[in-house]
Amino acid sequence: MLMNIALPIALTLVAAAFALSFWRLLIGPSKPDRILALDTLYINAIALLVLLGIHLSSALYFEAALLIALMGFVGTVALCKYLLRGDIIE
Amino acid sequence: MLDLVLSLLILAGATFTFIGSLGLARLQDFYTRLHGPTKATTLGVGSLLIASALYFSTRGESISLHEVLVTLFLFITAPASAHLLSKAALHLHVRSLAPLPQESAIADEGSAQRQKDSPSAESNKLFLKT
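In short, a report on the structure.

Each value, and the rule that gives it
- Residues numbered from 1 in each chain as written.
- Chains lettered and ligands numbered in written order.
- Predicted model: local features only at pLDDT ≥ 70, side-chain atom pairs only at ≥ 80, totals over all residues.
- Helix = DSSP H or I, 4+ residues; strand = E, 2+ residues; numbered from the N terminus.
- Rg over C-alpha atoms; globule rule 2.2 N^0.38 Å.
- Core = buried A, V, L, I, M, F, W, Y, C linked by C-beta atoms within 7 Å.
- Buried ≥ 20, exposed ≤ 12 C-beta atoms within 10 Å, placed from the backbone.
- Contact = placed C-beta atoms within 7 Å.
- Expected span 1.5 Å × (residues − 1).
- Bend = angle between axes of the 7 residues up to and from the residue.
- Nonpolar A, V, L, I, M, F, W, Y, C, P; charged D, E, K, R; others polar.
- Axes fitted to C-alpha atoms, helices over the stretch in contact; angles between N-to-C directions.
- Parallel < 35°, antiparallel > 145°, perpendicular 65-115°, else oblique.
- Left-handed = near helix turned anticlockwise from the far one by under 90°.

1. Here we look at the overall build of chain A
Move 1: Counting its regular elements, chain A contains three helices and zero strands.
Move 2: Reading chain A from its N end, one meets helices and strands in the order α-α-α.
Move 3: For 90 residues, the compact-globule estimate of 2.2 N^0.38 gives 12 Å, and chain A exceeds it by more than 25% at 16 Å.
Move 4: For chain A, the spread of C-alpha atoms along the three principal axes comes to 55 × 30 × 10 Å.

2. A closer look at the nonpolar core
Move 1: Judged by nonpolar contacts, the single largest core of 49 residues is most densely connected at Ile-46, Ala-47 and Val-50 of chain A together with Ile-10 of chain B.
Move 2: For this core, the secondary structure elements donating two or more residues are helix H1 (3-27), helix H2 (31-56) and helix H3 (61-85) of chain A together with helix H1 (2-26), helix H3 (36-59) and helix H4 (66-91) of chain B.
Move 3: Sort the elements by how many residues they give to this core and H2 of chain A lands first, with 11 residues.
Move 4: When neighbours within four sequence positions are excluded, Ile-46 of chain A is seen to be in contact with Ala-65, Ile-68 and Ala-69 of chain A together with Val-45 and Val-70 of chain B.

3. What to know about H4 of chain B
Move 1: Here H4 of chain B contains 26 residues, and its C-alpha end-to-end distance of 38 Å stays within 8% of the 38 Å for a straight helix at 1.5 Å per residue.
Move 2: Helix geometry: H4 of chain B is bent most strongly at Thr-77 of chain B, by close to 30°, with proline Pro-79 of chain B lying one to four residues after it.
Move 3: For H4 of chain B, the full list of buried residues reads Glu-67, Val-70, Leu-74, Ala-78, Ser-81, Leu-84, Leu-85, Ala-88 and Ala-89 of chain B.
Move 4: The inward-facing, buried residues of H4 of chain B contact H2 and H3 of chain A together with helix H2 (30-33) and H3 of chain B.

4. Examining the interface of chain B and chain A
Move 1: If you look at the interface, chain B gives 47 residues, while chain A gives 44 residues.
Move 2: When contributions to the side of chain B that touches chain A are tallied by element, the ones reaching two or more residues are H1, H2, H3 and H4 of chain B.
Move 3: Here the side of chain B that touches chain A takes 16 residues from H1 of chain B, the largest share from any one element.
Move 4: Taken together, the residues of the side of chain B that touches chain A sort by class into 28 nonpolar, 14 polar and five charged.

5. Thoughts on the packing of H3 of chain A against H4 of chain B
If you want to describe how two helices pack, look at the angle between their axes and the distance between the axes.
Move 1: Relative to each other, H3 of chain A and H4 of chain B sit at 15°, their axes nearing to 9 Å. Here H4 of chain B runs roughly parallel to H3 of chain A, going by the angle between their axes. As H3 of chain A packs across H4 of chain B, the resulting crossing turns out to be left-handed.
Move 2: Each residue belonging to the contact of H3 of chain A with H4 of chain B can be placed in one class, and the counts come to 16 nonpolar, five polar and two charged.

6. Things to note about the environment of Leu-54 of chain B
Move 1: In this fold, Leu-54 of chain B is placed in helix H3.
Move 2: For the pair Leu-54 of chain B and Leu-2 of chain B, spaced 52 residues apart in sequence, the C-alpha to C-alpha distance is 8.7 Å.

7. Let's talk about H3 of chain A
Move 1: When the terminal C-alpha atoms of H3 of chain A are compared, their 36 Å separation across 25 residues agrees well with the 36 Å that a helix rising 1.5 Å per residue should span.
Move 2: Taken together, the buried residues of H3 of chain A touch H2 of chain A together with H4 of chain B.
Move 3: At the C-terminal side of H3 of chain A, Gly-86 of chain A shows a positive phi close to 80°.

Just distances and angles here, no functional claims.
Printed below as a string of structure tokens:
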């Protein structure tokens, strides 16, 4: 019963977090800022997927969340390596 | 009772996720901005995943352990990516609001001395680049 009130509020908060991270991705003055914004965006996507799984009572979304976590980390590391060394795989 | 605990965990997780992104959008320089989203990773997504594990463990017939995998992975990779991001920022000489260590030692002698020293820091940076 209480969940029916809490879930829409939580979904709204996570959507607002998405908007703020996207704002930083657009205006970010330096390249690491934009990478950090992408990093935060995939964290927010995991939070949103978990909330959606609770909302729909479906355990199907955890594989997707795990996949997003994996690919997001690899993407962040690859972009940072590119900034650090000018190349990803040397 | 379970409903109340689940609602509190979900609200706490969503609030911390929001605060992390708020910090990312509002803080002044890159190194303080790096601090904001780590709260979203550990506290925000962590409590959301605890809520989800509780929900699916009480709803289904067996204990749900998918969430532990995601939590473990996030907690291991978050410091690694933050370390690489700060290394990349230092490599690119991203501007920081904090003064450099040598400059803060000179700052005791007055701000005029510090302004005189900043061009030498600039030339030092140029020297490092060549």
